[in-house]
Each structure stands twice: as structure tokens, then as C-alpha cells.
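# Notes for the structure review
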Amino acid sequence: MFTQSAPQHKIGFLKPLGVIDNAAYEFYRLAPRGVMAVMIPIGLGEFSARDVERVFAPLDSYLDTLMERGVDIVVQSGTPLPILIGMEAHDRMLEHMAKRTGKIATSTVNAVVNGARDVGIRKIVHVNKWTDAMNSVLADFYARGGIETIGVSSKQLSPAEFVKISSQDNMRLAYELGRRAFLDFPSCDGIYMGGGAWIAEPVAKQLEVEFGKPVICNTAAMVREACKLLGAWEPRAGDSRMMATA
């Protein structure tokens, strides 16, 4: 009787922070009808490999919980975690997630690299709140996807600092850093606006209007990636180029 109202697909997310707000808000603005997010917060407290190891110690328990909720795909969400532990550890984690659950496993960093490549970016600038060392490892992920990092526009903040910033101020910061990236690195093909703690899609749309180049954001790229893997992706106009790309 209620088939049309029930979710047709469930995406299981391991979310980095202890509280989920902006990420859920953006997901349901961007996801196709009938796609549900099942999110587990893992509580990253600082940008360090040690803290990533701490929050992923109960990984199997998280995955088992997601499977109890009937998810169709599992996602390691959040770019800081893999760039803190490195590419090899990231790849091993996804392999383990897929083996443990019997489901497709992917990550935000894979989604943003694939998304950037698919919209034609070959030279990219990182826009985020992360350290130089983190951005260096992020550049390695992009290089594996055939994309060259030519610059960074960043304001370094800890998780404890940026979660206290209001949604409006977060968007303003994202816009200022993104605009600076385009002005400082005019030869770039586009920018990657990293961080799921800010509402990024409206900022991406505005910057794309102003500079005529694509802006990759975590949630848009992740929605597209997961839905493509599930066979549920339908491009749509009116949002960022990422959302309009097949």
C-alpha cells in the first residue's frame, strides 16, 4: 500500500563529527526522491592520525549497525579522515568495509576526485579549513585520478573551532576562500570546496555563476557517486555543475 512512500535506496554513512546537522540538511536538498541517508556519527575530535584510529576502532560495530538498517551501500564520509591516514590505509579500509558488509563501499574522497574528473577539471585548487600536510596528501588522491593540484586557499581550523561557526558564517567563509582561490589561481579548471560541516552547494552555485568554472563540494559529489553506484542517478539542472553531470 505504501510502496511509493518508502525509501527505494538506503545509503549508509560513517560521518566524521559527533553531531550531524548541515550534512543531513544538504543531503536531503540534493538527493533524489526515495533515497534515504542512514548516518552514524563517529566523533572525530582533532585532525590527527591517532584520533582517526580511535574513532575507527569500532568500525565493524558501525558496519554491523548499518547493515541492521538495511543499507544498500556503505560510505566512509569526510575527506579529512583518509587524508590523515593516507591513501593505502584508505584503500584497505574500503576493502574491509566491502568484505564485512557484502555491499559496495566508497568514500567522499573517491567521490570528489571522480566528480572533478567527470566535469573536466585537470587543474584544481583546494578550498578548505585543513593543514598544509593534509592538503599535500589530498593532492596525492587527486593525482591518482589524473588531476593536478595547483594551489590551496585555506583557513586552518580545528573541528572544535569550526563546528561552533554558524551556518551563515560558514557559507560566508566558504565563499571568501573560494573567490580567493579563483582570483589567486586563474589557470585552474575548477576548485574543490572541502568540508561537510558547511552548507556548500549555494556557495558553489554562486561561484560558478561568477567565474564560469565548476566547484566540487562533498555532499553533491557524494550524492552523485553513491546514486550512480546504485543505478539511481538522474542529473538535474538548477544546482551546481556536479548535480547536472551524468
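A few points on the structure. (Residues numbered from 1 in each chain as written. Predicted model: local features only at pLDDT ≥ 70, side-chain atom pairs only at ≥ 80, totals over all residues. Heavy atoms only, no water.)

Here we come to the overall build of the chain. Across its full length, the chain holds 12 helices and eight strands. Taken over C-alpha atoms, the radius of gyration comes to 17 Å for the chain, in line with the 18 Å a tight globule of 246 residues would show. Seen through its principal axes, the chain has C-alpha atoms that stretch 50 × 45 × 35 Å. Looking at the chain as a whole, 51% of its 246 residues qualify as buried. The long-range fraction of contacts in the chain, counting pairs at least 24 apart against all pairs at least 6 apart in sequence, stands at 75%. When the accessible surface of the chain is summed, it comes to about 10,900 Å², and 50% of that surface belongs to carbon and sulfur atoms. (Helix = DSSP H or I, 4+ residues; strand = E, 2+ residues; numbered from the N terminus. Rg over C-alpha atoms; globule rule 2.2 N^0.38 Å. Buried < 20%, exposed > 50% of the residue type's maximum accessible area, 1.4 Å probe, protein only. Contact = heavy atoms within 4.5 Å. Areas by Shrake-Rupley, 256 points an atom, 1.4 Å probe, with all protein chains shown as cover.)

The geometry of helix 6 (residues 108-118) relative to helix 11 (residues 218-230) is characterised by a closest axis approach of 8 Å and an angle of 90° between their N-to-C directions. Comparing their axes, helix 11 and helix 6 come out roughly perpendicular. In this structure, helix 6 uses Thr-108, Asn-110, Ala-111, Val-112, Asn-114, Gly-115 and Asp-118 to contact helix 11, whose residues at the interface are Asn-218, Ala-221, Met-222, Arg-224 and Glu-225. Each residue belonging to the contact of helix 6 with helix 11 can be placed in one class, and the counts come to four nonpolar, five polar and three charged. (Axes fitted to C-alpha atoms, helices over the stretch in contact; angles between N-to-C directions. Parallel < 35°, antiparallel > 145°, perpendicular 65-115°, else oblique. Nonpolar A, V, L, I, M, F, W, Y, C, P; charged D, E, K, R; others polar.)

Okay, the sheet that holds strand 2 (residues 35-41) next. The strand order 2-1-3-4 describes an open sheet built from four strands, whose pairing is parallel. Only two strands of the sheet have a single neighbouring strand rather than two, namely strand 2 and strand 4 (104-107). With strand direction ignored, the average angle separating the axes of adjacent strands in the sheet is 25°. Sheet analysis places strand 3 (residues 73-76) next to strand 4, joined by four bridges and oriented parallel. Paired with Gln-76 across the bridge in strand 4 is Ser-107. Sheet strands in contact with helix 6 are strand 3 and strand 4, and its direction is about 75° off that of strand 4. Packing of helix 11 onto the sheet brings it into contact with strand 1 (9-15), strand 2, strand 3 and strand 4, and relative to strand 4 it is tilted by some 165°. (Pairing = 2+ DSSP bridges.)

By size, the foremost hydrophobic cluster in this structure holds 78 residues, and its most contacted members are Ile-11, Leu-14, Phe-56, Met-97, Tyr-142, Ile-191 and Met-193. Per-element tally for this core: the top contributor is helix 11, with seven residues. For Ile-191, the contacting residues outside a window of four places in its chain are Ile-121, Ile-124, Val-125, Val-127, Gly-178, Ala-181, Phe-182, Leu-207, Pro-214, Val-215 and Ile-216. (Core = buried A, V, L, I, M, F, W, Y, C linked by side-chain atoms within 4.5 Å.)

Looking now at the packing of aromatic side chains. Summed over the entire model, instances satisfying the criterion amount to five aromatic pairs. With 6.4 Å between their ring centres and 50° between their planes, Trp-130 and Tyr-192 make a pair best called tilted. Taken together, the residues span a long stretch of sequence, with Trp-130 in the loop between strand 5 (123-128) and helix 7 (132-144) and Tyr-192 in strand 7 (residues 190-193) at a distance of 62 residues. Since its relative accessible area comes to 2%, Trp-130 is described here as buried. In this structure Tyr-192 comes out as buried when scored by relative accessible area, which is 0%. (Phe/Tyr/Trp six-rings, centres within 6.5 Å; stacked < 30°, edge-to-face > 60°.)

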